[in-house]
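Analysis of the macromolecular model
These are the residues of each chain, in order.
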Amino acid sequence: MTHALNIVWNPSEGIDLGFFMIRYYSLMFVIAFVLGWFLMKKIFERENESIDKLDSLFVWTVLATLIGARLGQVLFYDEDNYFRNHPLEMFLPIRENNGSTLFGFINGWEFVGFQGLASHGAAIAIIIAMYLYNKKILHRSVLWILDRIVIPVASGAVLVRIGNFMNSEIIGNETTSSFGIRFLHDKISKAKAVKATGIANPKDAYTTIATDPKFADLLAEVPAKHPTQLYEAFCYIFVFATLYFLYWKTNARLKSGYLFGLFLVLLFVVRFIVEFVKESQGGFESTLGYFSTGQWLSIPFIIIGLFFIIRAQRNPIATS
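Now for a description of the structure that goes with this document. (Residues numbered from 1 in each chain as written. Predicted model: local features only at pLDDT ≥ 70, side-chain atom pairs only at ≥ 80, totals over all residues. Heavy atoms only, no water.)

Time to look at the overall build of the protein. A tally of helices and strands in the protein yields 14 helices and seven strands. Counting all 320 residues of the protein, 47% fall into the buried class. The long-range share in the protein, meaning contacts at least 24 apart out of those at least 6 apart in sequence, stands at 67%. Carbon and sulfur atoms form 64% of the exposed surface of the protein, whose accessible area is close to 16100 Å². (Helix = DSSP H or I, 4+ residues; strand = E, 2+ residues; numbered from the N terminus. Buried < 20%, exposed > 50% of the residue type's maximum accessible area, 1.4 Å probe, protein only. Contact = heavy atoms within 4.5 Å. Areas by Shrake-Rupley, 256 points an atom, 1.4 Å probe, with all protein chains shown as cover.)

Shown next, in the form of structure tokens:
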């Protein structure tokens, strides 16, 4: 459904299996990790590196991504100390809710998937994990693995932002442009949708609001906003394509630290720019001013990336 060229976004929560809901955000993470495994398998085969080390890399990367992203959310964005007051929810995909039942028999909890994940925290954790992985298992230069792991990480960034879009989260400011999307779930809560329509099922209630002319006034309350998740996902496709091309078609892989540095610059410049039209995610931006929390966190990564690009250009090309 469109209104003044603006789409009304009313997605389902995920794939309902009856006994279990596979939420799109969690599904995008799974696809990202699986795709990353296959990309790194091709890279390991090209570099004559033992495939036996790939499973360990997968485990290190998954744990670093989830733990780092969650800790990043807690440290950088948890203004009201929600996660500090609910420590179990930091690392488990559940939420305390007295009106729900987890898996049909545990009262007071519901499965929500992994929500509230900060990409800056994930980036820091992955870098640390690659250092430890290299030291304990790979035994190469740490920049060797960083130059290569950023390729699947960039592809994963695309999928994660698509997951954010499906969740109607991390959205942009209001806009009158034709790019605007009206995020129904962001403006109208499940409880409000159910109460307004008298329909007990939230999914059906949302669909009724979006399609029934009787609720046109309520629908009109939903403003069009920038789909910043799609802006980032679209740009990250080019980040991934650039890194992939340079690795497979040029000698960039032989310049130690170059691809890693380029990844940091490209990805976090995109993040910095998109933040200008993104709704505030909270954090310490009110203290520092000028930029959003996401922009302040992106600046160090961009500077570090530039350092590695310049360093790689000045140093001789490696032979392995």
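The rest of the description comes next.
Attention now moves to a nonpolar patch on the surface. A cluster of nonpolar residues, Phe58, Val59, Leu63, Ile67, Leu71 and Leu75, forms a patch on the protein surface that exposes about 510 Å² of accessible area. Along the polypeptide, Ile67 turns up in helix α2 (residues 52-77). (Patch = residues over 30% accessible without salt bridge, like charges linked within 9 Å, V, L, I, M, F, W, Y side chains within 5 Å. Salt bridge = Lys/Arg side-chain N within 4 Å of Asp/Glu carboxyl O.)

What follows deals with unusual backbone geometry. In this structure, Ser168 takes a positive phi of about 55 degrees despite not being glycine. On the secondary structure map, Ser168 appears in the loop between α6 (142-166) and β7 (181-183). By relative accessible area, Ser168 is classed as buried at 7%.

Close contact between helix α12 (residues 258-274) and helix α14 (residues 293-314) brings their axes to 7 Å; oriented N to C, the two are set at 150 degrees. As judged from the angle between their axes, α12 and α14 are roughly antiparallel. The way α12 lies across α14 gives a crossing that is left-handed. In the contact of α12 with α14, the residues fall into 16 nonpolar, six polar and one charged. (Axes fitted to C-alpha atoms, helices over the stretch in contact; angles between N-to-C directions. Parallel < 35°, antiparallel > 145°, perpendicular 65-115°, else oblique. Left-handed = near helix turned anticlockwise from the far one by under 90°. Nonpolar A, V, L, I, M, F, W, Y, C, P; charged D, E, K, R; others polar.)

Turning next to the environment of Ile126. Positionally, Ile126 belongs in helix α5 (residues 119-138). The spatial distance from the C-alpha of Ile126 to the C-alpha of Ala64 is 5.3 Å, given a sequence separation of 62 residues. Ignoring sequence-local partners within four residues, the contact set of Ile126 consists of Ala64, Thr65 and Val153.

Another aspect to go through is the nonpolar core. Of all hydrophobic cores here, the largest spans 46 residues; its most connected members are Phe44, Leu57, Ile145 and Leu243. Those elements giving two or more residues to this core turn out to be α1 (24-46), α2, α5, α6, α11 (228-249), α12 and α14. A per-element tally of this core places α12 first, with 11 residues. Those residues in contact with Leu243 that lie beyond four places of it in its chain are Val150, Ile151, Ala154, Leu259, Leu262 and Phe263. (Core = buried A, V, L, I, M, F, W, Y, C linked by side-chain atoms within 4.5 Å.)

Time to look at the packing of α1 against α11. For the pair α1 and α11, interaxial distance at closest approach is 12 Å and the crossing angle is 15 degrees. Accordingly, the angle class assigned to the pair α1 and α11 is roughly parallel. For the element pair α1 and α11, the recorded crossing hand is left-handed. Taken together, the residues of α11 that come into contact with α1 (itself represented by Leu39, Lys42, Ile43 and Arg46) are Phe240, Tyr244, Tyr247 and Trp248. Here the residues of the contact of α1 with α11 sort into six nonpolar, no polar and two charged.

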